[in-house]
Amino acid sequence: MPRLLPRLLKILQDAPEPNTLTRSSGYTRFKKRVSIKNVIPEAPTFTSEGRTHSILLDNANPIIDGHLYNRHKALPPKVRLVKPLQNSGEHDHPREMTNEEREWWSSPYLRMLASPLRECQITHKKLPCDFLIRLAPVRLPVPQGVRQQHHILVPEGIEHPKFKPRRSTSAYYMICWKDAPTSRLPLRKFSQNLTVQPLLSVRIGHQLRLRVLQELELLTKRLAASPLDDPCSDVRQTNSIPHKDAVALMVVPPVNQNPETKEKPQSSAQLDIADIIQSDSDSSESSLRCLPPLSVLHPTMSDDIGSPVLPIAQAPLYHGLSLFPARPLRATLHKALCKLLDAERKARSRSLPASGSFEHEESPPRVRGDAKGSHAFLLCSNQQTAKRADVVPLAIALWRLRMWEGQAYGSADETSHWEISAGWRLSWAEQMY
């Protein structure tokens, strides 16, 4: 040991200083996808006509070199190619999506249906993983000398991987519904000492709300497209969302000050489990004020003539008071939406042509009364907005939170028929609601 310590100190002194700018934040970047698609050689004939030697002596034959004749898929297209194509000698070049493919990509519902299939351990049905909640077993620390290990199921993969990456490889899935009977989880099937985490539904609901805030932060950095018009007045008058590409409409007013302390809540996304339970109890006590529903589906106005076969397209309207009951989280949501709107305004102002000097320009008059902008934020997604920024992850995060709160299961007006053999769930929802 006396000889080892001086050598370690010398190595530490000679080592270069760590670069704080390139320090990893826990987000592991995926490796660049390499295409394995190749040119399939022409299939030779197995007849002896015109041959001077056996087919086994050919340079490439399907008997010995069978791997050369395997067909592989091409790389998926990209929404937008930043760099121009270069002749690198590869057979599979990256290509940009067509208008039709980009229109499919901009739909949050098609994106959710295209997610990988996983089996729900409660219903034993295979569903897209965006309709499920991922649960991972975590080993609990045990005292020294105890050989028996205990595991507990915790939610994983709900938050964005840039903020909280996945840690485990094995996981189980359950339906995205807070009132789903967790007692149906076959815990003994996976481990004899596996238990469910206490307050599991509270933690999942909090992480789903964090995912919405994280998607808003990432969307702001990409200068997401969001219309600057006032859509709320048209919704109240026509009971429909006046935009055919609308995927969500969020009504999030600023949080008022506390009537007791006379202070406005500070925006914070880091809450303890005790604060979440306290906010839930406060919201249950204030439920006598007839809070609005978490979301309501409204038809979108379109210039196209409605088809007698397909239903009318609808978009959800989310109420911020029911969507984020906790006041600090709701303040963070309103701040993130205002920041997103400000980033869009700046992006649009930079895109306008320069009008010369701004010295003689008059400031716009101050609006009053009904002319003021509402607290409604409209999210739109189409093939044009997909080129600039992807709004679909935010719409999916909102829809998953809507499913978790029971909007896709318990509402009598919006009875869902998308799940096959859901008789047990419908009967359970009738008992719960």
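Residues numbered from 1 in each chain as written. Predicted model: local features only at pLDDT ≥ 70, side-chain atom pairs only at ≥ 80, totals over all residues. Heavy atoms only, no water.

Moving on: the confidence of the model for the chain. Detailed reading of the predicted model is not advised wherever pLDDT is low. Confidence in the prediction for the chain averages 76 pLDDT; 69% of positions are at 70 or higher. Counted against residues more than four places away or in other chains, residues 224-229, with its pLDDT under 50, gives 22 contacts. (pLDDT = per-residue confidence, 0-100. Contact = heavy atoms within 4.5 Å.)

Once that is clear, we can look at the sheet that holds strand 8 (residues 295-299). Pairing is mixed across the open sheet formed by four strands, whose spatial order is 8-9-7-10. Where the open sheet ends on each side, the last strands, each with one partner, are strand 8 and strand 10 (376-380). Along the sheet, successive strands turn relative to each other by an average axial angle of 20°, direction set aside. Note: strand 7 (residues 246-251) against strand 10, five bridges, orientation antiparallel. Counterpart to Leu249 in the pairing with strand 10 is Leu378. Taken strand by strand, helix 11 (residues 392-404) contacts strand 7, strand 8, strand 9 (314-319) and strand 10, and its axis lies near 70° from that of strand 9. (Pairing = 2+ DSSP bridges. Helix = DSSP H or I, 4+ residues; strand = E, 2+ residues; numbered from the N terminus. Axes fitted to C-alpha atoms, helices over the stretch in contact; angles between N-to-C directions.)

In this structure, Met250, Leu333 and Leu398 are the most contacted members of the largest nonpolar core, which totals 58 residues. The set of elements that each furnish at least two residues to this core consists of strand 3 (132-139), strand 5 (172-175), helix 5 (200-221), strand 7, helix 9 (327-351), strand 10 and helix 11. Counting residues per element, this core draws most heavily on helix 11, which supplies ten residues. Setting aside its immediate chain neighbours within four residues, Leu398 contacts Val212, Ala248, Met250, Tyr318, Leu323 and Leu379. Counting residues in hydrophobic clusters, the runner-up holds eight residues, among them Leu249, Ala315, Leu378 and Cys380. (Core = buried A, V, L, I, M, F, W, Y, C linked by side-chain atoms within 4.5 Å. Buried < 20%, exposed > 50% of the residue type's maximum accessible area, 1.4 Å probe, protein only.)

Bringing the pattern of salt bridges into the picture now. Following the criterion strictly, the structure yields ten salt bridges and no others. Linking Glu96 and Arg102 is a salt bridge whose minimum nitrogen-to-oxygen distance equals 3.3 Å. Given the relative accessible area of 33%, Glu96 is considered partly exposed. Glu156 serves as the salt-bridge partner of Arg134, at 3.3 Å between the closest nitrogen and oxygen. Placement of the pair is Arg134 in strand 3 and Glu156 in the loop between strand 4 (151-155) and strand 5, with a sequence separation of 22 residues. Here the residues in one salt-bridge network are Lys178, Arg209 and Glu405, joined through shared partners. (Salt bridge = Lys/Arg side-chain N within 4 Å of Asp/Glu carboxyl O.)

Another point: the sheet that holds strand 5. Read across the open sheet, the four strands follow the order 5-3-4-6; overall the sheet is mixed. Strands with a single pairing partner mark the edges of an open sheet, and in this sheet they are strand 5 and strand 6 (194-196). Adjacent strand axes in the sheet meet at a mean angle of 40° when their direction is disregarded. Sheet topology note: the strand 3/strand 4 ladder contains five bridges and is antiparallel. Each bridged residue has a counterpart across the sheet, and for Val138 the counterpart in strand 4 is Ile152. Lying over the sheet, helix 5 contacts strand 3, strand 4 and strand 6, oriented at roughly 35° with respect to strand 4.

Let's shift gears to the packing of aromatic side chains. With the rule as written, the count across this model stands at one aromatic pair. An angle of 85° between the planes, with centres 5.4 Å apart, marks the rings of Tyr109 and Trp399 as edge-to-face. Of the two residues, Tyr109 is situated in helix 3 (residues 108-113) and Trp399 in helix 11; the sequence distance between them amounts to 290 residues. Across the ring face of Trp399, the terminal group of Arg402 is positioned such that the distance to the ring centre comes to 4.5 Å. (Phe/Tyr/Trp six-rings, centres within 6.5 Å; stacked < 30°, edge-to-face > 60°. Lys NZ or Arg CZ within 6 Å of the ring centre and 35° of its normal.)

Turning to helix 5, a few remarks are in order. The end-to-end C-alpha distance of helix 5 is 32 Å, a good match for the 32 Å that 22 residues give at a rise of 1.5 Å each. For helix 5, the tally of buried residues reaches 17 of 22 residues, placing the bulk of the element in the interior. (Expected span 1.5 Å × (residues − 1).)

As a further point, take unusual backbone geometry. Peptide bonds are trans in most cases, and residues, glycine excluded, mostly fall at negative phi. One non-glycine residue, His124, lies in the positive phi region at around 60°. In this structure, His124 sits in the loop between strand 1 (117-119) and strand 2 (126-128).

In this section: the pairing of strand 10. Extensive coverage of strand 10 is indicated by the burial of five of its five residues. Side-chain alternation along strand 10 places Ala376, Leu378 and Cys380 on one buried face and Phe377 and Leu379 on a second face that is also buried.

A packed helix pair is summarised by two numbers, namely the angle formed by the two axes and the spacing between the axes. Here helix 5 crosses helix 11 at 160°, and the two axes come no closer than 9 Å. If you check the angle between helix 5 and helix 11, you find them roughly antiparallel. Crossing of helix 5 over helix 11 shows left-handed handedness. Across the interface between the two elements, Ser201, Ile204, Gly205, Leu208, Arg209, Arg211, Val212, Glu215, Leu216 and Leu219 of helix 5 pack against Pro393, Leu394, Ala397, Leu398, Arg400, Leu401 and Trp404 of helix 11. Within the contact of helix 5 with helix 11, the residues separate by chemical class into eleven nonpolar, two polar and four charged. (Parallel < 35°, antiparallel > 145°, perpendicular 65-115°, else oblique. Left-handed = near helix turned anticlockwise from the far one by under 90°. Nonpolar A, V, L, I, M, F, W, Y, C, P; charged D, E, K, R; others polar.)

As a further point, take helix 11. Taking 1.5 Å of rise per residue, 13 residues should cover 18 Å, and helix 11 covers 18 Å from first to last C-alpha, within 8% of that figure. The element helix 11 is largely enclosed, with a buried count of twelve among its 13 residues. Turning to helix 11, its buried residues number three or more, namely Val392, Leu394, Ala395, Ile396, Ala397, Leu398, Trp399, Arg400, Leu401, Arg402, Met403 and Trp404. In the segment just after helix 11, Gly406 is the residue with positive phi, at about 95°.

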